[in-house]
Amino acid sequence: MPGISMRYIVDDVDAAVEFYTRHLGFSVALRPAPSFAILTRDGFRLFVSGMTGPGGASQAMPDGRKPEPGGWNRIQIEVGDLEAKVTALRQAGARFRNEIVQGIGGKQILLDDPAGNPIELFEAPKR
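Where an unreviewed UniProt entry is consulted, the chain appears under the name Catechol 2,3-dioxygenase-like lactoylglutathione lyase family enzyme, with the organism given as Rhizobium laguerreae.

Now the structure itself:
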């Protein structure tokens, strides 16, 4: 499987698959086990791994730290109309970390997936 992928640790793989496919346009590429799925969108692969299971993603580190969801590193998904997307996601019960921020490069907001992993929704400036 050449290419670049990102892994998110989640506490409920079913909820993550539902969220990403229903609200963010991902498709399930592979679901070989209840604790793991590969989701794709526009050539990007997102691995969602449960906090338990036989794979390496859920294993404790030598110093005892355990993988868990929710940090600040994030994927970025570009949308055409950020306000409309945020409105639709709020109506669906989605959680956001902040409000829309306008910067020199466009607008963005941080959306949490069901496990608390952040997704940056981004709208480029109109040219």
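Here the narrative resumes.
Asker: Is there a simple way to explain helix 1 (residues 13-23) in this structure?
Answerer: Helical geometry: 3.6 residues make up each α-helical turn, so side chains three or four residues apart lie on a common side. Among the residues making up helix 1, those that are buried are Val 13, Ala 16, Val 17, Phe 19, Tyr 20 and His 23. Measuring from the backbone nitrogen of Asp 14 back to the side-chain oxygen at the start of helix 1 gives 3.1 Å, which picks out Asp 12 as the cap. Backbone geometry just after helix 1 places Gly 25 at a positive phi near 75°.

Asker: Help me understand the nonpolar core, please; the structure alone is not making it clear to me.
Answerer: A general feature of soluble globular proteins is that nonpolar side chains tend to end up buried together. By size, the foremost hydrophobic cluster in this structure holds 26 residues, and its most contacted members are Tyr 20, Leu 24, Val 48, Leu 111, Ile 119 and Leu 121. At the level of secondary structure, the elements contributing two or more residues to this core comprise strand 1 (5-10), helix 1, strand 3 (36-41), strand 4 (44-50), strand 5 (75-78), helix 2 (82-91), strand 8 (106-112) and strand 9 (118-123). Among the elements that take part in this core, helix 1 stands out by supplying five residues, more than any other.

Asker: Hey, could you run me through the sheet that holds strand 1 in this one?
Answerer: Pairing between sheet strands relies on hydrogen bonds along the backbone, with the strands arranged either parallel or antiparallel. A sheet is described by the order of its strands in space; here four strands give the open sequence 1-4-3-2, paired in mixed fashion. What marks the edges here is a single partner per strand, and that holds for strand 1 and strand 2 (27-33). If you compare each strand with its neighbour and ignore which way they point, the axes differ by 20° on average. Note: strand 3 against strand 4, six bridges, orientation antiparallel. Looking at the pairing, Phe 36 lines up with Ser 49 of strand 4.

Asker: Would you explain the layout of surface pockets in this entry?
Answerer: If you add up the space inside the largest pocket, you get close to 150 Å³. Surrounding the largest pocket, 13 residues form its lining, Ser 35, Phe 36, Ser 49, Gly 55 and Gly 56 being those nearest its centre. Its residues assigned to classes, the lining of the largest pocket shows four nonpolar, eight polar and one charged.

Asker: Where do I start with unusual backbone geometry in this structure?
Answerer: Phi angles above zero are rare outside glycine, and Asp 42 is one such case at about 50°. In this fold, Asp 42 is placed in the loop between strand 3 and strand 4. Exposure remark for Asp 42: the relative accessible area of 75% places this residue in the exposed category.

Asker: Mind showing me how you'd approach the packing of aromatic side chains here?
Answerer: What characterises a pair of aromatic rings is the spacing of the ring centres plus the angle enclosed by the ring planes. This model, assessed by the stated rule, comprises four aromatic pairs. Plain terms: the ring middles of Phe 19 and Tyr 20 are 5.4 Å apart, the flat faces sit at 85° to each other, and that makes the pair edge-to-face. Judged by its relative accessible area of 8%, Phe 19 falls in the buried class. Look at Tyr 20 and you get buried, because its relative accessible area is 0%. Pairing Tyr 20 with Phe 26 gives two aromatic rings, centres 5.4 Å apart and planes at 85°, and the pair type is edge-to-face. For the residue pair Tyr 20 and Phe 26, the accessibility class agrees, reading buried in each case. Following the ring pairs from residue to residue traces out a cluster consisting of Phe 19, Tyr 20, Phe 26 and Phe 44. Here Arg 90 stacks its cationic end above the ring of Phe 96, 4.8 Å away from the centre of that ring. Over the ring of Trp 72 we find Arg 97, and its NZ or CZ is 4.2 Å from the ring centre.

Conventions used here
- Residues numbered from 1 in each chain as written.
- Predicted model: local features only at pLDDT ≥ 70, side-chain atom pairs only at ≥ 80, totals over all residues.
- Heavy atoms only, no water.
- Buried < 20%, exposed > 50% of the residue type's maximum accessible area, 1.4 Å probe, protein only.
- Helix = DSSP H or I, 4+ residues; strand = E, 2+ residues; numbered from the N terminus.
- Polar contact = N/O pair within 3.5 Å; in protein donor to acceptor, adjacent residues only side chain to side chain.
- Core = buried A, V, L, I, M, F, W, Y, C linked by side-chain atoms within 4.5 Å.
- Pairing = 2+ DSSP bridges.
- Axes fitted to C-alpha atoms, helices over the stretch in contact; angles between N-to-C directions.
- 1 Å grid on protein atoms, 1.4 Å probe; cavity = no way out; pocket = protein on both sides within 12 Å on 5 of 7 lines; lining within 4 Å.
- Points joined across faces, edges and corners; volume = space filled by probe spheres on them.
- Nonpolar A, V, L, I, M, F, W, Y, C, P; charged D, E, K, R; others polar.
- Phe/Tyr/Trp six-rings, centres within 6.5 Å; stacked < 30°, edge-to-face > 60°.
- Lys NZ or Arg CZ within 6 Å of the ring centre and 35° of its normal.

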